[in-house]
Amino acid sequence: MAITPISSVEAFKIFVETTRQADGYRDPIGFGICRLDRGQVNPDKILQATFPVVNWKENYGSAAVFLSAADLLRSEGSEVVIDITPAFVEKAKALFSPYWEEAEGEVHKNVQVIKLLDELHQQGKMEGNFSLVVLFEDEKPVTVQGVYLKLYALSLGKAALRSLNLNGAFGLLTNCAWSGNQPIELEWLRQNEIALKMKGEYPKIDFVDKFPRYLQHVIPADNTRILDTAKVRMGAQLASGTTVMPGASYINFNAGTTGVSMVEGRISSSAIVGDGSDVGGGASILGVLSGTNGNPVTIGKNVLLGANSVTGIPLGDGCIVDAGIAVLEGTKFFIPQSELAKIAEVNPDATLDFPQSEGFWVAKGLQLAGLNGLHFRQDSATGRMIVLRSRRDVKLNADLH
Amino acid sequence: MAITPISSVEAFKIFVETTRQADGYRDPIGFGICRLDRGQVNPDKILQATFPVVNWKENYGSAAVFLSAADLLRSEGSEVVIDITPAFVEKAKALFSPYWEEAEGEVHKNVQVIKLLDELHQQGKMEGNFSLVVLFEDEKPVTVQGVYLKLYALSLGKAALRSLNLNGAFGLLTNCAWSGNQPIELEWLRQNEIALKMKGEYPKIDFVDKFPRYLQHVIPADNTRILDTAKVRMGAQLASGTTVMPGASYINFNAGTTGVSMVEGRISSSAIVGDGSDVGGGASILGVLSGTNGNPVTIGKNVLLGANSVTGIPLGDGCIVDAGIAVLEGTKFFIPQSELAKIAEVNPDATLDFPQSEGFWVAKGLQLAGLNGLHFRQDSATGRMIVLRSRRDVKLNADLH
Amino acid sequence: MAITPISSVEAFKIFVETTRQADGYRDPIGFGICRLDRGQVNPDKILQATFPVVNWKENYGSAAVFLSAADLLRSEGSEVVIDITPAFVEKAKALFSPYWEEAEGEVHKNVQVIKLLDELHQQGKMEGNFSLVVLFEDEKPVTVQGVYLKLYALSLGKAALRSLNLNGAFGLLTNCAWSGNQPIELEWLRQNEIALKMKGEYPKIDFVDKFPRYLQHVIPADNTRILDTAKVRMGAQLASGTTVMPGASYINFNAGTTGVSMVEGRISSSAIVGDGSDVGGGASILGVLSGTNGNPVTIGKNVLLGANSVTGIPLGDGCIVDAGIAVLEGTKFFIPQSELAKIAEVNPDATLDFPQSEGFWVAKGLQLAGLNGLHFRQDSATGRMIVLRSRRDVKLNADLH
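Numbers given to residues run from 1 along each chain, matching the order in which its sequence is written. Naming scheme: in the order in which they are written, chains are lettered from A and ligands are numbered from 1. In keeping with the predicted nature of the model, local features appear solely for residues at pLDDT of at least 70, side-chain atom pairs appear and are counted solely at 80 or more, and the whole-chain, interface and lining totals rest on all residues. In computing side-chain values, all of the structure's heavy atoms are included and hydrogens and water are not.

**Thoughts on helix α3 (residues 86–95) of chain A**
At step 1: Residues of α3 of chain A that are buried include every one of F88, V89, A92, A94 and L95 of chain A, and no others.
At step 2: We call two residues in contact when some of their heavy atoms are within 4.5 Å. Under the scheme used here, helices are H or I runs from DSSP no shorter than 4 residues and strands are E runs no shorter than 2 residues, and both carry numbers assigned from the N terminus. On its buried face, α3 of chain A is in contact with α1 (9–21), β1 (30–38), α2 (60–69), α4 (109–122) and β5 (130–135) of chain A. Working definition: with a 1.4 Å probe on protein chains only, accessible area under 20% of the residue-type maximum means buried, over 50% means exposed, and in between means partly exposed.

**Considering the interface of chain C and chain A**
At step 1: Taken together, the contacts link 48 residues of chain C with 49 residues of chain A.
At step 2: By definition, the buried area sums, over both parts, the 1.4 Å-probe accessible area that each loses when the two are put together. Counting each side, the surface lost to burial between chain C and chain A is near 3,700 Å², with a carbon and sulfur contribution of 56%.
At step 3: Contact with chain A buries surface across chain C, with I194, K197 and M198 of chain C losing the most and accounting together for 22% of the total.
At step 4: Any Lys or Arg side-chain nitrogen located within 4 Å of an Asp or Glu carboxyl oxygen qualifies as a salt bridge. Taken together, the links from chain C to chain A amount to three salt bridges.
At step 5: Between D206 of chain A and K204 of chain C there is a salt bridge, with the nearest N and O atoms lying 3.3 Å from each other.
At step 6: Elements represented by at least two residues in the side of chain C that touches chain A include exactly α7 (186–198), β8 (207–209) and β23 (332–336) of chain C.
At step 7: Residue contributions to the side of chain C that touches chain A peak at eight residues, all from α7 of chain C.
At step 8: Grouping the constituent residues of the side of chain C that touches chain A by class yields 20 nonpolar, 13 polar and 15 charged. Under the scheme applied here, ten amino acids are nonpolar (Ala, Val, Leu, Ile, Met, Phe, Trp, Tyr, Cys and Pro), four are charged (Asp, Glu, Lys and Arg), and all others, including Gly, are polar.

**A closer look at the confidence of the model for chain A**
At step 1: One confidence number per residue, pLDDT, is output by the predictor and ranges from 0 to 100. This prediction gives chain A a mean pLDDT of 96; 98% of its residues lie at or above 70.
At step 2: In the predicted assembly, ipTM is 0.96 and pTM is 0.97.

**Here we look at the relation of the copies chain A and chain B**
At step 1: Turning chain A through 120° and shifting it by 0.0 Å along the axis lays it on chain B, with an RMSD of 0.0 Å. Here the transformation between the copies is reduced to the relation of a three-fold axis. Rotation axis and chain A: the residue whose C-alpha lies nearest the axis is G383 of chain A, separated from it by 2.2 Å. C-alpha atoms of residues with pLDDT of at least 70 in both copies form the basis for the least-squares superposition of the copies.

**Considering the pairing of strand β26 (residues 374–378) of chain A**
All names here are of chain A.
At step 1: Burial analysis of β26 places four of its five residues in the buried class, the great majority of the element.
At step 2: Only strands that DSSP links by at least two bridges are regarded as paired with each other. As paired elements, strand β21 (residues 320–321) and β26 share two bridges and run parallel to each other. Bridged to I320 within β26 is H375.
At step 3: Pairing geometry for β26 and strand β27 (residues 385–389), over five bridges, is antiparallel. Directly across from L374, in β27, lies its bridge partner R389.

Laid out in structure tokens, this is it:
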């Protein structure tokens, strides 16, 4: 059946409106077309999904085209993944007709994707290599492609860190050997080890993991630097102006920065670092899987985590953790009496009601969680862990106080 | 001289038996055929040896074939290395005759190696590129190929960590620039620097070292992850289920894990980490070359080394070292009197006889080496280094107690 | 205009002498010819400059040839960069005539560069790809090529660390994605992202930074090891015998070692480590941009920085910083009275005049800066930060005392 191309922008708008208002139609929260890397031994296994364009709570017109071309106008469930077929491309091409010629550069990126599919199809390189992925609800992912779409949404800054349901993502992904951007099944390496090694053709393996790296999929902002691609996992989010040094740093998936930041330490999965904050060399911010009893750690603005420090509680703005110090939920901290009033000043809403001992207020780390302007240090005369008011500025939100 | 192929499996078995019982014949402890990377400037210098198949205390039939084909039935010394010649291949082929056709996939891997040699020989790509390496005794290695065979035995888990004699290994290996899996003599780079740079052909150098990386030679188990190939040196051993994160981790040769383990810190040469143990972000386990006075450190099962902690003594099962703490041989630890009985419970065979001071038992780190169930921490009120009974389970071996 | 070749070595020497004595002629402090990587989108933007040969306070004859061939005998300013043209090559070739044939291997490297330019020119591959870079004074750099020439001078050990003016270098360099040795404009990746990803041709990005890595440009000494190329930035200087491990180490530009050294920690920009010293796993040496109030840190000879220690003050020879300890400018240290005399012995010129408290002399970290033979540790009974005389040898310079 030949498809009649949509004849004008006006007609396209009517098509979109009609489609979206149709009974049972749902606007997706995210969608895109991805290129697939399949298992060498098990081609049904998807090892990687690469999205040239990710749509997240946007481009509902393109969604209408894709869903229409895929006959998915009345789908069910949280997530739909279908193979890209020649029929899909033909139909999408007809629907995108008014934008076909002008789609290049910064405009009509979803149309550009269909143009490239059309080109690859002519060359016999399309079938079996692409999926359409559509998320209607943020439920736990059910496909590899669905996991990747969420990781992209996080890494592109289209969804907030910790805002997406990634339960079960690890179980869906396959542990692969990665050679450059190419995932390779370990089983394939085993089956071919003798021939590859004898012929001097054994591939260079960069890493073995279920997740790819951030830089395999994401182009950072002009003022963002990542000095070693191994240091940032796909699914991490780096705000513009973030620098990740190559020493002891690492940013896991679903973790990252929300502003300009120097990162020389570890931001574990679920941890978030605020604007103007500095994660010193070797500093560890613990994650929900590594020592925080399930409480994710948010680090406020303008915070300094000293070299080789460890932070297991959320910190407010303007805090300092001295080099080499560990600030954990259960650590007891001693606050000199003269300092408590200064701390209260920059935490007007906090209840600072701690027991006293030997002239100090005594608080556990967990009780200090999220407070502004704290300076954590170890007294070098007594070895006591103390908390003072830091010398860093804390800007309270004038609207709130 | 034409060689008569062995005609049947039965005949092969008789050949093996006869060979092994012959006067002066020795079963090797390890053997294999390796592909060689030779120096670009000094082709006599072996830069790397790649083994498609490693035999270690096994496959004595294949050993008999190889030694017979190499005329090494009555060799002397701990280690023999010979060039693979067409005559060797022809003879091995004849001896392996009953298995020739069926050798593929998981079966008859040594026969597969000979088949590939045969194929490469036909293509004129064999001579000068392969060695047979046979170790009869575990003496200090005398060839590069011998060092590699031992590193393989360790990394493949065929020999226990710290069980092999690697004395002098460093002296045998050449410091090279590595571009992917290709070692390049630094001298060659120097001689060609001007032309390479002027033509834009200077190779990408991944590292400069005497040792290659683990992932250049070893295929990990399906549930083992190494997020950065730079983090594990050839000669390390990683038990199935080990995850090596890319932050501040490193596993040196002759070091590693013996069970499921999360490794975000450093396992220095000679250090071993037990099943269920966790090496926190930036945690350092010292090696015999880096601070332990020559005593190798074994970490027991179910141990937690906190982020940025340092451990220089062996630990038993179920220990915890708090984040940021250094536990060294000479560190003095204070054990509250109420805790000693609890510690004794999970260390029934230990003599816990320490001097007392201010209500504590006082022990040096070295005196606590290997004990189960210890929790090392620094008291945040007094700065004192203390040891408590950890809250982690310790399963004593019922057969022993 | 045909150029008459110089006919003899004697004539060449006269040419050089005449040129250098001419009015207005200046000997450069550094010069060289570099290959350029230009922006894919903005070809006027220089992304990288690769020097096959760097001349630094040497080879004034070659300088005379280059400046003469470039018509720069009377230039002004601190830095001159010109495009290499066919005319330049023809003229330089004529002037280098007496050395033309014999220029290969270790001799006449600048002549070799011209020979290669000549060859590339024949192949149509020269124009637009090369610059002559000449520094007459060590002012702040004004071109990308000038920055690179200084980074080379540092990394090749031709200029001392911290001796060159690099002000504004960051501003001149472009933040790029690096794929192997190839810098790629982020803008180009963005413009081509859809097509590259759809076709499976997205490049492998190794890092995103303004600076390249040391090993992209520099061939280390035979006994120098860098186990991960990501760990050393271009502009770092590594003395022969330096080993950089892959765990938590990093050596930034304008930082490094001046002798044999084991580096398993971070040497921040401006920090220098002396011969025989050991930077333990995860140890941090702070830089002028990271916590030292602008005072660059020099670590003396035979110093041991323990695992996960932090050092923010200069140290003399034979010091030890215990594992996990932070030695900062403001840290208060307690010196037992019996130790002060021993410390004075190895610091004959120092004024050790500290206040007393509870049987200790009390000094701030900054007051101990640069002293020999100190052992920094935390008393495990009291948590007090103490300083003792280390057990390491300190060899005082006999000429001075």
